[in-house]
Amino acid sequence: MSSTNPVISVSNIGVCFSRFRLPFVGGRRHYWALTDVSFDVYPGETVGVIGRNASGKTTLLKVLAGIIAPDRGDIRRAEINISLLSLQVGFIPHLPGRENAILSSILLGLTKQEALARLPAIIEFSELEDFIDEPISVYSAGMRARLGFSVAYYAAPEVLLIDESLAVGDQDFRVKSAAAIREIITSNHTVILVSHDLDTIRQLCDRVVWIEKGETVAVDVPEKVIPDYQHHERQRGISTSRD
Amino acid sequence: MKRRTLDIILYRTYAELKSEAQRTYIGVLWWILEPVVFMLIFYFIFGVLFQRGTEDFVPFLLIGLALWHWFQATVMQCSGAISANRGLIQQVYVPNYVFPTVVVLANGAKFVVVLVILFVFLYLWGITPTWHWLESFLVLVSALCLTVGIAYLFAAITPLLPDMKLLLQNGLRGLFFLSGIFFDLSRIPEPYAGWLRWNPVATVVDDLRNVLMREQTPAWDSLLAIGGGSLVLIFLSLTLMRHNESRYAKSTL
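The paragraphs below set out a description of the structure included in this document. Predicted model only: the values in this text are computed from it and were never measured. (Residues numbered from 1 in each chain as written. Chains lettered and ligands numbered in written order. Predicted model: local features only at pLDDT ≥ 70, side-chain atom pairs only at ≥ 80, totals over all residues. Heavy atoms only, no water.)

1. A few points about the overall build of chain B
Turning to step 1, where the next piece is worked out: For chain B, the helix and strand inventory stands at 12 helices and zero strands.
Turning to step 2, where the next piece is worked out: Mapped in sequence order, the helices and strands of chain B form the string α-α-α-α-α-α-α-α-α-α-α-α.
Turning to step 3, where the next piece is worked out: Taken against the 2.2 N^0.38 rule, which gives 18 Å for 253 residues, the C-alpha radius of gyration of chain B at 19 Å falls within 12% of a compact globule.
Turning to step 4, where the next piece is worked out: Each principal axis of the C-alpha atoms in chain B carries an extent, and together these give about 55 × 45 × 35 Å.
Turning to step 5, where the next piece is worked out: Buried positions account for 50% of the 253 residues belonging to chain B. (Helix = DSSP H or I, 4+ residues; strand = E, 2+ residues; numbered from the N terminus. Rg over C-alpha atoms; globule rule 2.2 N^0.38 Å. Buried < 20%, exposed > 50% of the residue type's maximum accessible area, 1.4 Å probe, protein only.)

2. Comments concerning a negative patch on the surface
Residue and element names in this part refer to chain A.
Turning to step 1, where the next piece is worked out: Among the surface-exposed residues, Glu124, Glu129, Asp130 and Glu134 lie close enough to one another that they form a single negatively charged patch.
Turning to step 2, where the next piece is worked out: On the secondary structure map, glutamate 124 appears in helix α3 (residues 112-126).
Turning to step 3, where the next piece is worked out: When its relative accessible area of 65% is taken as the criterion, glutamate 124 is described as exposed. (Patch = residues over 30% accessible without salt bridge, like charges linked within 9 Å, V, L, I, M, F, W, Y side chains within 5 Å. Areas by Shrake-Rupley, 256 points an atom, 1.4 Å probe, with all protein chains shown as cover. Salt bridge = Lys/Arg side-chain N within 4 Å of Asp/Glu carboxyl O. Lys, Arg positive; Asp, Glu negative; His and termini not counted. Charge placed at Lys NZ, Arg CZ, Asp CG, Glu CD.)

3. Section: the interface of chain A and chain B
Turning to step 1, where the next piece is worked out: Each partner contributes residues to the interface: chain A has 29 residues there, and chain B has 25 residues.
Turning to step 2, where the next piece is worked out: Here chain A meets chain B over a buried area of about 2,400 Å², counting both sides, of which 64% is carbon and sulfur.
Turning to step 3, where the next piece is worked out: Three residues stand out in chain A for area buried against chain B, namely Ile67(A), His94(A) and Leu107(A), and they jointly supply 25% of the buried area on that side.
Turning to step 4, where the next piece is worked out: Summed over the shared surface of chain A and chain B, the result is two salt bridges.
Turning to step 5, where the next piece is worked out: Applying the counting criterion to the chain A and chain B interface returns eight residue pairs in polar contact (both at pLDDT 80 or more).
Turning to step 6, where the next piece is worked out: Among the elements of the structure, β1 (8-19) and α2 (97-107) of chain A are those that each provide at least two residues to the side of chain A that touches chain B.
Turning to step 7, where the next piece is worked out: Ranked by the residues each element gives to the side of chain A that touches chain B, the list is headed by α2(A), at five residues.
Turning to step 8, where the next piece is worked out: Residue composition of the side of chain A that touches chain B, grouped by class: 18 nonpolar, six polar and five charged. (Contact = heavy atoms within 4.5 Å. Buried area = accessible area lost by both parts, 1.4 Å probe. Polar contact = N/O pair within 3.5 Å; in protein donor to acceptor, adjacent residues only side chain to side chain. Nonpolar A, V, L, I, M, F, W, Y, C, P; charged D, E, K, R; others polar.)

4. Side note on the environment of Pro6(A)
All names here are of chain A.
Turning to step 1, where the next piece is worked out: Mapped onto the elements, proline 6 comes out in the segment before β1.
Turning to step 2, where the next piece is worked out: We classify proline 6 as partly exposed; its relative accessible area is 31%.
Turning to step 3, where the next piece is worked out: With 33 residues separating them along the chain, proline 6 and phenylalanine 39 place their C-alpha atoms 9.8 Å apart.
Turning to step 4, where the next piece is worked out: Other than its neighbours up to four places away in sequence, proline 6 contacts Asp40, Val41 and Tyr42.

5. Overview of the pattern of salt bridges
Residues and elements named next belong to chain A.
Turning to step 1, where the next piece is worked out: Considering all chains together, one arrives at 15 salt bridges over all chains under this definition.
Turning to step 2, where the next piece is worked out: Across the pair glutamate 233 and arginine 52 runs a salt bridge whose closest N-O atoms are separated by 3.6 Å. Taken as a pair, glutamate 233 in helix α7 (residues 222-242) and arginine 52 in the loop between β3 (46-50) and α1 (57-64) lie far apart in primary sequence, 181 residues in all.
Turning to step 3, where the next piece is worked out: What makes arginine 52 partly exposed here is its relative accessible area of 24%.

6. Re the side chain of Thr74(B)
All names here are of chain B.
Turning to step 1, where the next piece is worked out: Positionally, threonine 74 belongs in helix α3 (residues 57-79).
Turning to step 2, where the next piece is worked out: Looking at threonine 74, the relative accessible area reads 1%, which means it is buried.
Turning to step 3, where the next piece is worked out: Excluding residues that lie within four positions of it along the chain, threonine 74 makes contacts with Val103, Val104, Asn107, Thr147 and Ala151.

7. What to know about the nonpolar core
Turning to step 1, where the next piece is worked out: Counting 96 residues, the largest nonpolar core has Leu147(A), Leu67(B), Val75(B), Phe99(B), Phe182(B) and Leu208(B) as the members making the most contacts within it.
Turning to step 2, where the next piece is worked out: Broken down by element, this core gets its largest block of residues, 15 residues, from α3(B).
Turning to step 3, where the next piece is worked out: Apart from the residues within four sequence positions on either side, Leu147(A) is in contact with Phe91(A), Gly97(A), Ala101(A), Ile122(A), Ser126(A), Leu128(A), Ile132(A), Ile136(A) and Tyr139(A).
Turning to step 4, where the next piece is worked out: Counting 28 residues, the second-largest nonpolar core is a separate cluster that includes Val15(A), Val49(A), Ile82(A) and Leu161(A). (Core = buried A, V, L, I, M, F, W, Y, C linked by side-chain atoms within 4.5 Å.)

8. What about α3(B)?
Turning to step 1, where the next piece is worked out: In this model α3(B) runs 33 Å from its N-terminal to its C-terminal C-alpha over 23 residues, within 8% of the 33 Å that 1.5 Å per residue would give.
Turning to step 2, where the next piece is worked out: With 21 of 23 residues buried, α3(B) lies mostly within the body of the structure. (Expected span 1.5 Å × (residues − 1).)

9. Some remarks on the packing of aromatic side chains
Turning to step 1, where the next piece is worked out: In this structure the tally under the stated criterion is 21 aromatic pairs over all chains.
Turning to step 2, where the next piece is worked out: A ring pair is formed by Phe131(A) and Tyr139(A), whose centres lie 6.5 Å apart and whose planes are at 90°; its orientation type is edge-to-face.
Turning to step 3, where the next piece is worked out: We classify Phe131(A) as partly exposed; its relative accessible area is 41%.
Turning to step 4, where the next piece is worked out: On the basis of relative accessible area, Tyr139(A) is assigned to the buried category, the value being 5%.
Turning to step 5, where the next piece is worked out: Taken together, a centroid distance of 5.4 Å and an interplanar angle of 55° make the contact between Tyr11(B) and Tyr14(B) tilted. Remark: Tyr14(B) and Tyr11(B) occur in helix α1 (residues 3-22); sequence separation between them is three residues, near one turn of the helix. (Phe/Tyr/Trp six-rings, centres within 6.5 Å; stacked < 30°, edge-to-face > 60°.)

Below, the structure is given as structure tokens:
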């Protein structure tokens, strides 16, 4: 049954960052951001990733997005578009909003034809109106964020990787963009969500991956993983406060 | 190549040319003015001040400078192309050869403008077009392969070895003087002249002058060797870029 094949399958992956130095000057420096991570993601599910700062969450998303290849272990990705929800990708300052929206959509995985078809919806959602034909160098930060979000929303890939909350813009647009992200997450999209907000994870995710120092500690439903994680963090809090 | 990759290359080339044109008041006119000013400076120094010119010194100089200016700009910009897009390659996967390819296309478009001006100038100067002018197309194809080969090579290695950029800057400065752009290589005594003939840039520059000014056929064997060797270099550099994609994304240099 093909419907039960995972869209992403990682087994025992490790990622090493090394900085080359000349011999006798500093040697080679290694840092393993991920050491041993394994889990599968199935079509349509929402998987949360939790873990302390510097536990390797962002590096993990980059591996899943195909931006960096693991230095050991194995990753299998289905032949579909898997990418990070990222805003203002490839924006060029002196180019009008319209062309930037097309360029950014293509970079996020659409063909030019698809990008042109979705352009009216992107412009409408961004609320930029006549400003769409002005170069984005004249935009305020909020306007640029709105355009960036609209593109990311309408170019959303089959498998969406989200790093923390991405609600942007002024108060009204924040509400609108947060609602749009929730809509994607609760729809049929496959989503992998990194967040420090355990309530969000509990509400939105079918399963949770807990990583610690680059290793998977647990992969299970939120009801099981989150209490363990909270317990572990409390223990750590006690032991560090004793120091 | 996937449809989307082709779309990225073409749309991005268009976007960069447009954005460059919009950054200044006279925009597109700079594509003509910049090489013209560059050429005027050299003409003034070597043609007027030093009185080096034989009667055809001006077309001789302009052909060399046009080709050199294009070669140098393409190689230099390609060497920084992947680093310049570091933010982008950490957000979304794009085959990395896209970035130098956009540079090659954008510079190519500007070079075509310069070539048109050059041909018009040569005609106005009084050089009668001959059938040899058609051969300039093949000389330019060979020059294109050479430019792309060297540009891709530095595009592939500079992100990992940033020191290469400084090396390249100085290397290009040296190459400029060794390529016979503003003097005739045949004036150099042996054995040095023989050594300089191994410089492929000098060869294509000389061949372009042969077909445009001297009613001569280019040296086919050396052009073919340059074209073929460059294609191998292009292939190797593309392989190197593909192999190192993950390293470019991880690099913090």
